[in-house]
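Structural overview for review
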Amino acid sequence: MQSVTLLAVAWPPALGVALVHILRFRTALCMAPLLLAAAVGACGGDDSGWGRRFGGGGRKSIGVSLPSRAMPFYQEIEAGMRDAARRARYELVVTDANLDVATQRTLIEGLLQQRVDAVVIAPTDTLAVVPAVARANAARVPVFSVNLRPSGGQVISHVQSDHVGMGRVAAEYLAAFLDGRGEVMVVSRSGVPWHVEREQGFRTAMRAHPRIRIVDSVDGDGDRARALALLEPLLRARRETDG
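Since this is a predicted model, take the numbers as computed values, not measurements.

It is worth spelling out the overall build of the protein at this point. What the protein contains, in helices and strands, is nine helices and eight strands. For the protein, the proportion of its 243 residues judged to be buried stands at 48%. Put simply, 70% of the contacts in the protein that link residues at least 6 apart link residues at least 24 apart. Total accessible area on the protein is roughly 12400 Å²; 52% of this is exposed by carbon and sulfur atoms.

Another aspect to go through is the pairing of strand β7 (residues 182-188). In terms of burial, β7 is a largely internal element, six of the seven residues being buried. Bridge analysis of β7 against strand β8 (residues 212-219) gives seven bridges, and the strand direction is parallel. What sits directly across from Val184, in β8, is Ile214. Between β7 and its parallel partner β8, the chain crosses via helix α8 (residues 193-206), and the hand of that crossover is right-handed.

Here we take up the confidence of the model for the protein. Mean pLDDT over the protein: 76, with 74% of residues reaching 70 or higher. Across residues 1-18, confidence stays below pLDDT 50; counting only partners more than four residues off in sequence or on other chains, it has 62 contacts. Across residues 20-57, confidence stays below pLDDT 50; counting only partners more than four residues off in sequence or on other chains, it has 62 contacts.

Within the largest apolar cluster, 22 residues are counted, with the highest numbers of intra-cluster contacts made by Val64, Tyr74, Leu92 and Val120. Secondary-structure elements contributing two or more residues to this core are β2 (61-66), α4 (72-88), β3 (91-96), β4 (118-121) and β5 (143-146). Broken down by element, this core gets its largest block of residues, six residues, from α4. When sequence neighbours within four positions are dropped, the list of residues in contact with Val64 reads Met81, Leu92, Val93, Val94, Thr95, Leu111 and Val120. Counting 14 residues, the second largest nonpolar core, distinct from the first, contains Val119, Ile121, Ala136 and Val155.

This part is about unusual backbone geometry. With a phi angle near 60 degrees, Arg115 is a residue other than glycine that sits in the positive phi range. Along the chain, Arg115 falls in the loop between α5 (101-113) and β4. For Arg115, a relative accessible area of 71% gives the class exposed. Even without glycine at this site, Asp179 takes up a positive phi of about 60 degrees. In this structure, Asp179 sits in the loop between α7 (163-177) and β7.

This paragraph deals with the pattern of salt bridges. A side chain with one charge may pair with a side chain of the opposite charge, provided their charged atoms come close. Scanning the model with the defined rule gives seven salt bridges in all. Its salt-bridge partner being Asp83, residue Arg87 comes within 2.6 Å of it at the nearest N-O pair. Placement of both Arg87 and Asp83 in helix α4 is noted, with a separation of four residues, approximately one turn of the helix. Residue classification places Arg87 among the partly exposed residues on the basis of a relative accessible area of 30%. A relative accessible area of 29% places Asp83 in the partly exposed class. Arg203 is paired through a salt bridge with Glu199; the nearest N and O atoms lie 2.8 Å apart. Here the residue Arg203 and the residue Glu199 both occupy positions in helix α8, the gap between them amounting to four residues, near one helical turn.

Turning our eyes to something else, we now look at the packing of α7 against α8. Think of two packed helices as two axes; the pair is described by the angle between the axes and how far apart they sit. Between α7 and α8, whose axes approach to 6 Å, the crossing angle comes to 40 degrees. Considering their axes alone, α7 and α8 lie oblique with respect to each other. Helix-helix and strand crossings are classified by hand; for α7 and α8 the assignment is right-handed. Two secondary-structure elements touch here, α7 through His163, Val164, Met166, Gly167, Arg168, Ala170, Ala171, Glu172, Leu174 and Ala175 and α8 through Trp194, Glu197, Arg198, Gln200, Gly201, Phe202, Ala205 and Met206.

Reading guide: rules and limits
Residues numbered from 1 in each chain as written. Predicted model: local features only at pLDDT ≥ 70, side-chain atom pairs only at ≥ 80, totals over all residues. Heavy atoms only, no water. Helix = DSSP H or I, 4+ residues; strand = E, 2+ residues; numbered from the N terminus. Buried < 20%, exposed > 50% of the residue type's maximum accessible area, 1.4 Å probe, protein only. Contact = heavy atoms within 4.5 Å. Areas by Shrake-Rupley, 256 points an atom, 1.4 Å probe, with all protein chains shown as cover. Pairing = 2+ DSSP bridges. Right-handed = clockwise from strand over helix to strand, strands pointing away. pLDDT = per-residue confidence, 0-100. Core = buried A, V, L, I, M, F, W, Y, C linked by side-chain atoms within 4.5 Å. Salt bridge = Lys/Arg side-chain N within 4 Å of Asp/Glu carboxyl O. Axes fitted to C-alpha atoms, helices over the stretch in contact; angles between N-to-C directions. Parallel < 35°, antiparallel > 145°, perpendicular 65-115°, else oblique. Left-handed = near helix turned anticlockwise from the far one by under 90°.

What follows is the structure, encoded as structure tokens:
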């Protein structure tokens, strides 16, 4: 079966809703209109007819492997999935890898042992998760992915945010706010692919605004307190920084 990818600058719950609706189909050709309607429904439209039109999930169960349920982004994706699964009458079995690649592989193996009907994986690491995807493939359990696509194995469909696009949006918003001139600093996070892509999009878009200069950057490691501690001395030293 051909794999289908949805790429969007989207509200996280919309990604969760789209994933559940994807799981109700096995024909790739019907995915595009389905995903569009799912995203529209999640952002305030009426998708109350989905269950009546396409049939509910009955007692089918979906195993969900998240990198971290402590992160707001994945909390919102889980909320979107739970809302859509409730309407479709699917059962969700959600696991939390706590950002540990070995833990995620073990938890996915546990989901397969529970004989779930499908697995949704949001990889902690796109390469390290490949053996778990391969085991699901061998067990003939459909695999769906969200946010980052596994680097190997068969994935039926993939849903993700356009991280480069999100960086561009942030850059254009900041440029408009600064009226096209100023000095800015970047808070990044190394080693996390989607953060790297967002920073790439931000820096690329900023090249279109030559009067805005990126004067420094810090690695906040995903921790606000750490980022603030790193930024404070830089901001004191460069009081003219605008954003």
